[in-house]
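# Fold and contact review
Letter by letter, the chains look like this.
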Amino acid sequence: MRVGIGSDIHRLVSGKKLVIGGITIPYDKGEAAHSDGDVLIHAIIDAILGASSCNDIGAFFPDTSTATEGMDSAIMLREVLKKTHAHIVNIDSIVNLERPKLRPYVDSIRENLARITALPVNRISVKAKTAEGLGAIGEGLAISAEAVVLIETEEDR
């Protein structure tokens, strides 16, 4: 068994979609990013790569590549799972966002992550937090996510 930690942060800007865990959340701002900017999936990817001792998301999906421009982060996650051969045991995550409130979307996000990872939904935790009005997140200028992933690799079996 191996544990990895991942995090991601993006500015929120008008004219972009807000994508969290592969779900588009209705809002007037979205993540400014090279890909679709899904901070939650990016944090999960970094956690998997960390647990697998395989560098970070930028090494696999550089923000200088035209091939990754606008890329769906679910595709990135599937590719990382194939490359690492990691068997995820569980995912625990936090999304930090002042607005909109994510509670109505958490179950859909968990279900979508379960589909992408082929995990039972009861092995995926998504918690939504605000910054209580503090800093860039609290001012509605940014979104961040953290994830911890427990994996079992083929070499560990």
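It should be noted that the structure appears before, not after, this text.
Residues numbered from 1 in each chain as written. Predicted model: local features only at pLDDT ≥ 70, side-chain atom pairs only at ≥ 80, totals over all residues. Heavy atoms only, no water.

## Considering the pairing of strand 1 (residues 2-14)
Across 10 bridges, strand 1 lies against strand 7 (residues 142-152) in antiparallel orientation. Along strand 7, the bridge assignment pairs Ile5 with Val148. (Pairing = 2+ DSSP bridges. Helix = DSSP H or I, 4+ residues; strand = E, 2+ residues; numbered from the N terminus.)

## As for the side chain of His10
Inspection of the secondary structure puts His10 in strand 1. You can call His10 buried: its relative accessible area is 14%. Polar contacts involving the side chain of His10 include one to the side chain of Asp8, which spans 3.0 Å. If we skip the residues at most four places from it in the chain, His10 touches Glu31, Ala32, Ala33, Gly37, Val39, His42, Leu141, Ala142 and Ile143. (Buried < 20%, exposed > 50% of the residue type's maximum accessible area, 1.4 Å probe, protein only. Polar contact = N/O pair within 3.5 Å; in protein donor to acceptor, adjacent residues only side chain to side chain. Contact = heavy atoms within 4.5 Å.)

## Quick notes on the sheet that holds strand 4 (residues 29-31)
If you walk across this open sheet you meet the 5 strands as 4-1-7-5-6, and the pairing is mixed. The open sheet terminates on both sides in strands that have one partner only, identified here as strand 4 and strand 6 (124-129). Strand-to-strand twist in this sheet, taken as the mean axis angle between neighbours without regard to direction, amounts to 20°. Relative to strand 6, strand 5 (residues 87-96) is paired through 6 bridges, and the arrangement is parallel. Within strand 6, the residue paired with Asp92 across the bridge is Ser125. (Axes fitted to C-alpha atoms, helices over the stretch in contact; angles between N-to-C directions.)

## Regarding the packing of helix 1 (residues 39-51) against helix 4 (residues 106-117)
Where helix 1 contacts helix 4, the axes come no closer than 12 Å and their chain directions differ by 45°. Judged by the angle between their axes, helix 1 and helix 4 are oblique. Along this stretch, helix 1 crosses helix 4, giving a crossing that reads as right-handed. Side by side, helix 1 and helix 4 meet where Leu40, Ile41 and Ile44 of the first sit next to Ile109, Leu113 and Ile116 of the second. (Parallel < 35°, antiparallel > 145°, perpendicular 65-115°, else oblique. Left-handed = near helix turned anticlockwise from the far one by under 90°.)

## Details of a nonpolar patch on the surface
On the surface, Val3, Ile5 and Val148 cluster together into a nonpolar patch covering about 290 Å² of accessible area. Relative to the assigned elements, Val148 resides in strand 7. Accessibility expressed as a relative area gives 37% for Val148, which makes it partly exposed. (Patch = residues over 30% accessible without salt bridge, like charges linked within 9 Å, V, L, I, M, F, W, Y side chains within 5 Å. Areas by Shrake-Rupley, 256 points an atom, 1.4 Å probe, with all protein chains shown as cover. Salt bridge = Lys/Arg side-chain N within 4 Å of Asp/Glu carboxyl O.)

## Overview of the layout of surface pockets
There is about 240 Å³ of room inside the largest pocket. Contributing to the lining of the largest pocket are 15 residues, with His10, His42, Ile57, Phe61 and Asp63 lying nearest its centre. When residues in the lining of the largest pocket are grouped by element, the largest group, 3 residues, is from strand 1. Counted by class, the lining of the largest pocket contains 5 nonpolar, 7 polar and 3 charged residues. (1 Å grid on protein atoms, 1.4 Å probe; cavity = no way out; pocket = protein on both sides within 12 Å on 5 of 7 lines; lining within 4 Å. Points joined across faces, edges and corners; volume = space filled by probe spheres on them. Nonpolar A, V, L, I, M, F, W, Y, C, P; charged D, E, K, R; others polar.)

## Side note on helix 4
Helix length check: helix 4, at 12 residues, gives a terminal C-alpha distance of 16 Å against a target of 16 Å (1.5 Å per residue), a fit within 8%. For helix 4, every residue scored as buried is listed here: Val106, Ile109, Asn112, Leu113, Ala114, Ile116 and Thr117. Here the buried face of helix 4 lies against strand 2 (18-20), strand 3 (23-25), helix 1, helix 3 (73-84), strand 5 and strand 6. Backbone geometry just after helix 4 places Ala118 at a positive phi near 60°. (Expected span 1.5 Å × (residues − 1).)

## Section: the environment of Gly6
Along the chain, the position of Gly6 falls in strand 1. For Gly6, the residues in contact, after removing those within four places along its chain, are Ala43, Asp46, Ala47, Ala145, Glu146 and Ala147.

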